[in-house]
Structure formats: structure tokens, C-alpha cells
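Results of the structural survey
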Amino acid sequence: MTGLSGYLGGRLAPAIEAAGHQLVDLGRPAGVDLLEPATVAAAVERLRPAAIIHTAAANPGRPEATMDTVNRAASGALAEAAASIGARLVHVSTDAAFDGRHAPYADDAPTHPLNEYGRTKAAGEAAVLAVHPAAVAVRTSLIYGVHDIDRSTAGFVARLRAGQRLALFADVVRQPVWVEALAANLVRLAVELVDERGTINVAGEQAIDRAAFGRRMLAYWNVDAEAWGGGIDDVRAADVSDAIPLDLRLRLDRAAALGLACPGVDEVLSGAAAGRSGS
Ligand SMILES: NC(=O)c1ccc[n+]([C@@H]2O[C@H](COP(=O)([O-])OP(=O)(O)OC[C@H]3O[C@@H](n4cnc5c(N)ncnc54)[C@H](OP(=O)(O)O)[C@@H]3O)[C@@H](O)[C@H]2O)c1
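So, a few notes on the structure that sits alongside this text. (Residues numbered from 1 in each chain as written. Predicted model: local features only at pLDDT ≥ 70, side-chain atom pairs only at ≥ 80, totals over all residues.)

1. Considerations on helix α3 (residues 64–84)
How we decide: A helix here means a DSSP run of H or I that spans at least four residues, while a strand means a run of E at least two residues long, and both kinds are numbered starting from the N terminus. To estimate how far a helix should reach, multiply one less than its number of residues by 1.5 Å. To obtain the bend at a residue, axes are fitted to the seven residues ending there and to the seven starting there, and the angle between these axes is taken.
Between its first and last C-alpha, α3 extends 29 Å over 21 residues, near the 30 Å set by a 1.5 Å rise per residue. The largest bend in α3 is about 30°, located at Ala74. Following α3 by one or two positions, Gly86 adopts a phi angle in the positive range, close to 70°.

In C-alpha cells, the structure reads:
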């Protein structure tokens, strides 16, 4: 796998091992720097994994050139290397490949990104499937967990702690995905559902607006935004920028047909709350 040190990677690694597979870190310890795509082929050739789950990415906020090299060029190089040794490849993509104006998006919906991150991820997906047509590209949504706080919520907490008010988008709709379910589905696609190719949506089945989801996550982590001095304002992304895709609901037909678990936010958080009170 790539991205072992990342948020998804941190839960994917134990999922790979729990499923009885030997884990190989195709990251910096193996000499891979995705900013230098040429380092990928040598590591793949040396380690010869049977399957690769590619989670590493340069996420929004990174310089455009970094996102282009890591998300597009290095993904293509990894796919080429995987194809050359006959390795299965599961590539992690994003709902940000879409424009948010034509939801819900089918598994094979054409990409039309609005921002640089989306553009580089869409280009990465295309680069992967061009050189490794048997690979599968998993388009997913906001990733969250109930054991480790996700990056976005952690950012909200930091701002509240600093006494700032939060502005959350009430007109932005996503299908947040539980990191444990996503990890398990990626492992299944890598080692069991090996004939699946092309693009597939894997997200939570529940659509929720960004403001409501932010509040849900803050409540889950016991953060009282008002009591901390900050507070939350609902705002409209459409008033702020035209580069934020508004409605990224995803159809989950293919995931359902394959029996991939896609629990929604309510189900995951109520299950976690029940687990907490029972322990
Ligand atoms: N988080 C979300 O809500 C979300 C939503 C939709 C799709 N996705 C996709 O899901 C995947 C996982 O996201 P995440 O949030 O878990 O990512 P993350 O926490 O930001 O982790 C990114 C990973 O990529 C690695 N990486 C970045 N640049 C690298 C480089 N030059 N060389 C080698 N490794 C490098 C990082 O390693 P270092 O720590 O060593 O830099 C880290 O392990 C990504 O493909 C992302 O596009 C995420």
C-alpha cells in the first residue's frame, strides 16, 4: 500500500493484516517519493506485491505542481509499474472529480472537476486506467472515523480552541464514508473482487450537508462549539467560491451489487455511541 502514514492508510494497514495478508509499505521507507515518480518503478519491481492499494495523495491546500506530480504523474507511474509485474491495483480517487451540478453521479459518470485538487485526481484516475485497464479506481467522499479524529474536524476544533467562529457550508452535500468500511472494501477489491475494473463509487449511503455533518462530528468528539467561545455559522459555499462542488451525491449501485458495506453517518455514529456506553 501507499500512504501508510495517512488518515485512511492508518486504518487500512491493520485491515490488510487482519485479513491475513502480508503488508508492504510502498512509501518513503521503501525509497518511494511520489514527487519523483521514477522512484516508484524500482520499488515495485523490487518488492513485487501481488496487489497494490494506492491511497497516497497530495490533498487540497498543497501547491498545484505538487498535486499534479503526486496525484497524476506518480499515480500513472505506479499503475504502469503494477501492470508490468501483473499486480492488482486499487486506486483511491475522489468525488471532487465531479462538478456538483449533476448529482447523483453514477459509477461511470464522466469527470468534470471544478478545482485543482479535483483536476489532478481526475487526471490521476484517467492516467491509471489508461496504462492498467484492469485496475479499479474508487471514488470516495469525506473520510471520517470514530477512533481517530479526521483532519477536517480536527481543523474545526483547532479554530474553535483559538476562539474563532466556524463557517460551515449548508449548501454542500456529501456522502461521508466511515474509514473502517472504506478500508475493508478496499481490501476486498484488492484480493477478492479482482475482476472489478474501471470506476466505482464507494461512500456512505447517507447524504448530509457539510454543516450538519460538521456539527455531528463535533458533537461526537464532545466539542461544544458555543461553550468554547467560538460558535458556528451556516454559510453558502456558492456565495464564497465557484470552485466548490455543491452536490456530490454518489449512486452506489455497483457497491451494492458487490455487497460492499456502505453504512451512513447515523448508523455508524449510533453504533459507536452504543459501543461507548456499553464499554
Ligand atoms: N480525506 C478525505 O476526506 C478524502 C475524501 C475523498 C478522497 N480522498 C482520497 O483518499 C486518499 C487518502 O486520503 P487521506 O485523507 O487519508 O490522506 P492523508 O491523510 O493526507 O495522507 C496522505 C498520504 O500520502 C502520502 N504522501 C503524500 N505525498 C507523498 C509523497 N511525495 N511521497 C510519498 N507519499 C506521499 C503521505 O505520506 P507522508 O505523511 O509521508 O507525506 C500520507 O501517507 C487520497 O487518495 C485522497 O485523495 C480523501
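2. What to know about the site of the ligand
How we decide: Proximity of a residue to a molecule or strand is defined by its backbone-placed C-beta atom lying within 6 Å of that partner. All amino acids are sorted into three groups, where Ala, Val, Leu, Ile, Met, Phe, Trp, Tyr, Cys and Pro are nonpolar, Asp, Glu, Lys and Arg are charged, and the leftover types, Gly among them, are polar.
The immediate surroundings of the ligand are formed by 26 residues, with Gly6, Leu8, Leu34, Ala56 and Ala57 found nearest. Put simply, the parts of the chain that give the shell around the ligand at least two residues each are α1 (7–18) and β2 (88–94). Sort the elements by how many residues they give to the shell around the ligand and α1 lands first, with three residues. Its residues placed into classes, the shell around the ligand shows 13 nonpolar, ten polar and three charged.

3. With respect to the packing of α3 against helix α4 (residues 116–131)
Axes are the key here: two packed helices are described by the angle between their axes and the distance separating the axes. Rules: Fitting a line to C-alpha atoms yields each axis, with helices limited to the stretch in contact; the angle taken between N-to-C directions then spans 0 to 180 degrees. Convention used here: angles under 35 degrees read as roughly parallel, angles over 145 as roughly antiparallel, angles from 65 to 115 as roughly perpendicular, and any remaining angle as oblique. What makes a crossing left-handed is the near helix being turned counterclockwise from the far one by less than a right angle; a clockwise turn instead makes it right-handed. Here the contact rule is simple: place C-beta atoms from the backbone, and any two residues whose C-beta atoms are within 7 Å are in contact.
Relative to each other, α3 and α4 sit at 15°, their axes nearing to 8 Å. The angle between α3 and α4 falls in the class roughly parallel. When you trace α3 past α4, the crossing you get is right-handed. Between α3, through Glu64, Met67, Asp68, Asn71, Arg72, Ser75, Gly76, Ala79, Glu80 and Ala83, and α4, the contact on the second element is made entirely by Glu116, Tyr117, Thr120, Lys121, Ala123, Gly124, Ala127, Val128 and Val131. Taken together, the residues of the contact of α3 with α4 break down into eight nonpolar, five polar and six charged.

4. Topic: the sheet that holds strand β8 (residues 198–201)
How we decide: Note on pairing: DSSP must find at least two bridges between two strands before they are called paired.
Reading across the sheet, the four strands line up as β1-β2-β3-β8 and stay open at both edges, with parallel pairing between neighbours. Two strands in the sheet have a free side with no partner beyond their single neighbour: β1 (51–54) and β8. On average, each strand axis in the sheet is tilted by 20° relative to the strand beside it, whichever way the strands run. Here strand β3 (residues 136–140) pairs with β8 via four bridges, running parallel. Residue pairing in the sheet places Arg139 in a bridge with Asn201 of β8. Along the sheet, α3 makes contact with β1 and β2, crossing β1 at roughly 170°.

5. Things to note about the nonpolar core
Inclusion rule: The nonpolar core criterion groups buried Ala, Val, Leu, Ile, Met, Phe, Trp, Tyr and Cys residues into a set whenever they are joined through C-beta atoms within 7 Å. Whether a residue is buried, exposed or partly exposed is read from the other C-beta atoms within 10 Å of its own C-beta, which are placed from the backbone; 20 or more gives buried, 12 or fewer gives exposed, and intermediate counts give partly exposed.
Counting residues in hydrophobic clusters, the biggest one holds 85 residues, and the most contacted among them are Leu12, Val138, Leu182, Leu186 and Val202. Residue contributions to this core peak at nine residues, all from α3.

6. Let's talk about the environment of Leu12
Residue placement: Leu12 occurs in helix α1. Judged by C-beta crowding, with 27 C-beta atoms within 10 Å, Leu12 ranks as buried. Distance from Leu12 to Thr94, taken between C-alpha atoms, is 17 Å for residues 82 residues apart in sequence.

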